[in-house]
Amino acid sequence: RLKQSSALTSCYIPSNSLATAALRQISQSRSLTSAAPADASSPTADITWSPINNNTRRIFPAIIESQLLAPHLVSSGILHPQHLYPMLDDGDGSSTNAGWKVNTGSKTFLNAMRLYGLCWRMTQASAPSSSTNSSSTPRKRNSAPSSTTTQETALQALRVAFGEYGRLRGSEITRQGVSDNNSNVKDIKEMERKVIPDLLSFKAHLESLHNIAFRSDESLGTMVRSILEDVMNEATSKDNSDGGRRTAELLAKHVDGRFRDPKAGSSTVPVTKGALAGDANEAFQSEVLALFRHNQSKDVFEAFFKRDLAKRLLTGRSVSYDMERSFLSKLKAECGTAYTSKMEGMFKDMEMSRDIMSSYAAYASGATNAVSTSGKVVDMEVQVLTTGYWPVYPKYPNIILPSELLLQRERFESYYNEKYQGRRIAWQYSLGHCIVKASFPKEKAPKELNVNVCQTLVLLCFQYEDGSDGRGLKLDDIMKKTGIDDRGELERVLQSLSLGRDGTRVLKKIDYDSVDAPVANASDSPKKKQKIRRNIGEHDRFLFNSSFTNNQRRIRITNITMKETVKERAKTHEAVSSDRLYLIDAAVVRIMKARKTLDHRALMGEVMTQLKFPASSSDIKKRIETLIEREYMERIEGDRSKYKYLA
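Rules used in this analysis
- Residues numbered from 1 in each chain as written.
- Predicted model: local features only at pLDDT ≥ 70, side-chain atom pairs only at ≥ 80, totals over all residues.
- Heavy atoms only, no water.
- Helix = DSSP H or I, 4+ residues; strand = E, 2+ residues; numbered from the N terminus.
- Buried < 20%, exposed > 50% of the residue type's maximum accessible area, 1.4 Å probe, protein only.
- Contact = heavy atoms within 4.5 Å.
- Pairing = 2+ DSSP bridges.
- Axes fitted to C-alpha atoms, helices over the stretch in contact; angles between N-to-C directions.
- Polar contact = N/O pair within 3.5 Å; in protein donor to acceptor, adjacent residues only side chain to side chain.
- Salt bridge = Lys/Arg side-chain N within 4 Å of Asp/Glu carboxyl O.
- Phe/Tyr/Trp six-rings, centres within 6.5 Å; stacked < 30°, edge-to-face > 60°.
- Lys NZ or Arg CZ within 6 Å of the ring centre and 35° of its normal.
- Core = buried A, V, L, I, M, F, W, Y, C linked by side-chain atoms within 4.5 Å.
- pLDDT = per-residue confidence, 0-100.
- Parallel < 35°, antiparallel > 145°, perpendicular 65-115°, else oblique.
- Nonpolar A, V, L, I, M, F, W, Y, C, P; charged D, E, K, R; others polar.

Here we come to the environment of Leu228. Relative to the helices and strands, Leu228 resides in helix α11 (residues 218-232). Accessibility expressed as a relative area gives 7% for Leu228, which makes it buried. Spatially, the C-alpha atom of Leu228 lies 9.4 Å from that of Phe202, the residues being 26 residues apart in sequence. If we ignore the near neighbours within four places in the chain, the residues touching Leu228 are Lys203, Leu206 and His294.

Strand pairs in the sheet, formed through backbone hydrogen bonds, run parallel or antiparallel to each other. Within the open sheet, the three strands sit side by side as β1-β2-β5. Their pairing is mixed. The two strands at the open ends of the sheet, each matched to only one other strand, are β1 (433-438) and β5 (554-556). Here the strands of the sheet are splayed against their neighbours by 25° on average, with no regard to which way each runs. One ladder, built from six bridges, connects β1 with strand β2 (residues 447-452); its direction is antiparallel. Residue pairing across strands places Val436 opposite Leu449, the latter belonging to β2. Contacting β1 and β2, helix α18 (residues 453-460) runs over the sheet at an angle of about 125° to β2.

With that out of the way, let us pick up α18. Taking burial as the measure, the eight residues of α18 include seven buried ones, the bulk of the element. Against β1, β2, α19 (475-482), α20 (487-498) and β3 (507-510) lie the buried residues of α18. Where α18 begins, one side-chain oxygen reaches toward the backbone nitrogen of Cys454, 3.3 Å away; that side chain belongs to Asn452.

The next subject is the sheet that holds strand β8 (residues 639-645). In space, the three strands of this open sheet follow the order β6-β8-β7, with antiparallel pairing throughout. Two strands bound the open sheet, and with one partner strand each, they are β6 (597-599) and β7 (633-636). Pairs of neighbouring strands in the sheet enclose a mean axial angle of 35°, with direction left out of account. By the bridge criterion, four bridges tie β7 to β8 in an arrangement that is antiparallel. Pairing of Arg635 across the sheet is with Tyr643, part of β8. Seen against the sheet, helix α23 (residues 600-610) touches β6, β7 and β8 and runs at an angle of roughly 95° to β6. Helix α24 (residues 617-629) rests against β7 and β8 of the sheet, and its axis sits at about 100° to β7.

Here we take up the pattern of salt bridges. Charged atoms that come close allow side chains of opposite charge to pair. This model, assessed by the stated rule, comprises 28 salt bridges. In this structure, Arg580 and Asp299 form a salt bridge, with 2.6 Å as the shortest nitrogen-oxygen distance. Here Arg580, found in helix α22 (residues 566-595), pairs with Asp299, found in helix α14 (residues 298-315); they are 281 residues apart in sequence, far enough to count as distant. Arg580 gets classed as buried once you look at its relative accessible area, which sits at 8%. By relative accessible area, which is 18% here, Asp299 ends up buried. Bridged by salt links that share partners, the residues Asp256, Arg260, Arg312 and Glu324 form one connected network.

Per the stated rule, a full pass over the model turns up 21 aromatic pairs. Ring centres 5.1 Å apart and planes at 45° place the aromatic pair Tyr363 and Tyr415 in the tilted group. Highlighted residues: Tyr363 in helix α16 (residues 337-365) and Tyr415 in helix α17 (residues 403-419), separated in sequence by 52 residues. Pairwise contacts between aromatic rings join Phe259, Phe284, Phe292, Phe301, Phe305, Phe327 and Tyr339 into one cluster. Above the face of the Phe284 ring, Arg258 is positioned so that its terminal group lies 4.6 Å from the ring centre. Its end group placed over the ring of Phe292, Lys298 keeps NZ or CZ at 5.2 Å from the ring centre.

The next thing to look at is the nonpolar core. By size, the foremost hydrophobic cluster in this structure holds 72 residues, and its most contacted members are Leu115, Leu158, Phe162, Phe214, Phe301, Phe305 and Phe327. What Leu115 contacts, discounting residues up to four positions off in sequence, is Leu73, Ile78, Leu79, Leu84, Met87 and Leu158. In this structure, Ala438, Phe440, Val453 and Ile478 belong to the second largest nonpolar core, which totals 34 residues.

Residues of β3 alternate between two faces, with Leu507 and Lys509 buried on one and Lys508 and Ile510 left unburied on the opposite face. Here β3 pairs with strand β4 (residues 541-544) via four bridges, running antiparallel. For Ile510, the partnering residue across the bridge sits in β4 and is Arg541.

A word on the confidence of the model for the chain. With 73% of its residues at a pLDDT of 70 or more, the chain shows a mean pLDDT of 78. Summarising per-element confidence for the chain, the mean pLDDT is lowest in helix α7 (residues 132-136) (39) and highest in α11 (93). For residues 40-54, every residue scores under 50 in pLDDT, and the model assigns this stretch 19 contacts once sequence neighbours within four places are set aside. Low confidence marks residues 515-529, where pLDDT is under 50. Its contacts with residues over four positions away, or in another chain, come to eight contacts.

Another point: the side chain of Thr482. Structurally, the position occupied by Thr482 is in helix α19. Of the residues examined, Thr482 reaches a relative accessible area of 1% and is grouped as buried. Within polar-contact distance, the side chain of Thr482 engages the backbone nitrogen of Ile484 at 3.4 Å. Ignoring sequence-local partners within four residues, the contact set of Thr482 consists of Asn398, Ile399, Ile400, Leu457, Val458 and Cys461.

We now examine the environment of Met232. Relative to the elements of secondary structure, Met232 occurs in helix α11. For Met232, a relative accessible area of 1% puts it in the buried group. Placed 60 residues apart in sequence, Met232 and Phe292 show a C-alpha to C-alpha distance of 8.3 Å. When near neighbours in sequence (up to four residues on either side) are disregarded, Met232 contacts Leu199, Gly244, Thr247, Leu291, His294 and Asn295.

The next point concerns unusual backbone geometry. Despite not being glycine, Phe109 has its phi angle at roughly 55°, a positive value. Here Phe109 lies in the loop between α5 (81-89) and α6 (110-126). The class of Phe109 is buried, set by a relative accessible area of 1%. The phi torsion at Lys596 lies on the positive side, around 70°, for a residue other than glycine.

Their axes nearest at 11 Å, the elements α19 and α20 cross at an angle of 105°. When the axis of α19 is compared with that of α20, the two are roughly perpendicular. Facing α19, whose interface residues are Leu475, Asp476, Ile478 and Met479, α20 presents Arg487, Leu490, Glu491 and Leu494. Looking at side-chain class alone, the contact of α19 with α20 contains five nonpolar, no polar and three charged residues.

Given below as structure tokens:
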């Protein structure tokens, strides 16, 4: 027994005088020697043992555990983080911060298993109803301990220490990517991508620890769920707790990455070598939902997931619609119909759009092909979206479309108004995409540029010439020609066309202070790379890049606005916070309407119970004050702590 765990013997059974005296006292026990105890006062007396018999083999380990080991089952002894955490990590203890990640697939938890067995036996021995046989008879390997004991001192101490361990390790994971003065934006984003995969691995680690080392103990299983709930809601840090907003956002981004790229966010659940891709997807969805259940900010997850889903559907970046629908059905079963109603509406709109376009194709085939004044035939596909289902996108009411697109737009409006009377069409040009054929002097065949509508309009400004003077177009000139009145959006469009990655710079940007530089205009001067400013100035000029080359026939030029900005993230969080205020108002009014009169403490308790997201008492008090100002309720005269509902 003493040699079973090096963590126990090396720290708590040393060869010192106290341990020797304790062992000597145990050796003189009548239950072991069946003889009168010898004089144990002499420090030089030899320790003698009786011949080993069955009685000695049963009693001796129990005495060793109860007399020598049990007193050390405290937070300052065996359960101290210095000794306990390497056992729970099942590593070599060299890296306590990431020890649980070492050998994730081949952990045996031998030391933790022995520690749990010791705590369980000491708990059973300390229970009043426990018999002598229950503490001395070893338990079967696969049997779970009974939870009927009334005094669970050793197990309780282990549960508390295990909870502290789980919350500490979980806090280390969730705090990855939190901005500080020493990290740049790129490093922060890279660390944020690791949060959810690490949480999934840590969850699997806790479950393995519970099933293997703790023998599926029910009380320790409850502690595992408590750890995951605190970690997912970032309750481990009282100063920086946000109610799980950040983890909900990162979880939605993790799902989005997997649905756009099947190689991203690989499952931590072991899958057999010959398993199908559908099994891996099901395993991924199941483990993501297991984390999702512990998060209280489900409305934040809904907001980010819905926005990412809309982007995947509209840009055609989704790996599989079946996988999307399967995950949506799981969310519906978990949170109810109202939670997924708008997302289901998105899929209905996509199916309806396909039916509309097939009907429109039959309608268009009976008429003359859409030929513009320039003699070019243009094909157009339209997606009809219900306003309430989709996120709000920017509109450009003053946008100037070319004649090719104007003719197609008028034609579709005529068809749609005939088929669906009473409906109003509002065009979302910011979501549109075009295939623009462009010819470059150094390319033998035309290239197909996959760009959005705003990028298309900017490219058409350079269709025939680089401005009236041939020196290029300024920002104001392009704004007048395209009708894009959002200056920030136009700057981002020009950056994507002139300052993007190699092979996408179809325009050339010339800074206003380098136009007349001799190096820039002299044809015989050596080519030197000049650092071009990333920002767009009023006097900067843009030219058609006649030296553009690319080996691909179709080139996708992604606009910078497709990438999420910090401002957009903050805007999404603000929208969620605004929606929460309305939900608090609705809960207060609903309770007061049913109770008519209620005191402040009871009202606060019922509101907290009904809300499905974490809300502070100060937020609820503020909403109560606003409802009083709007005459939904009032305070009772003589007792200001009670409220009365006003019909």
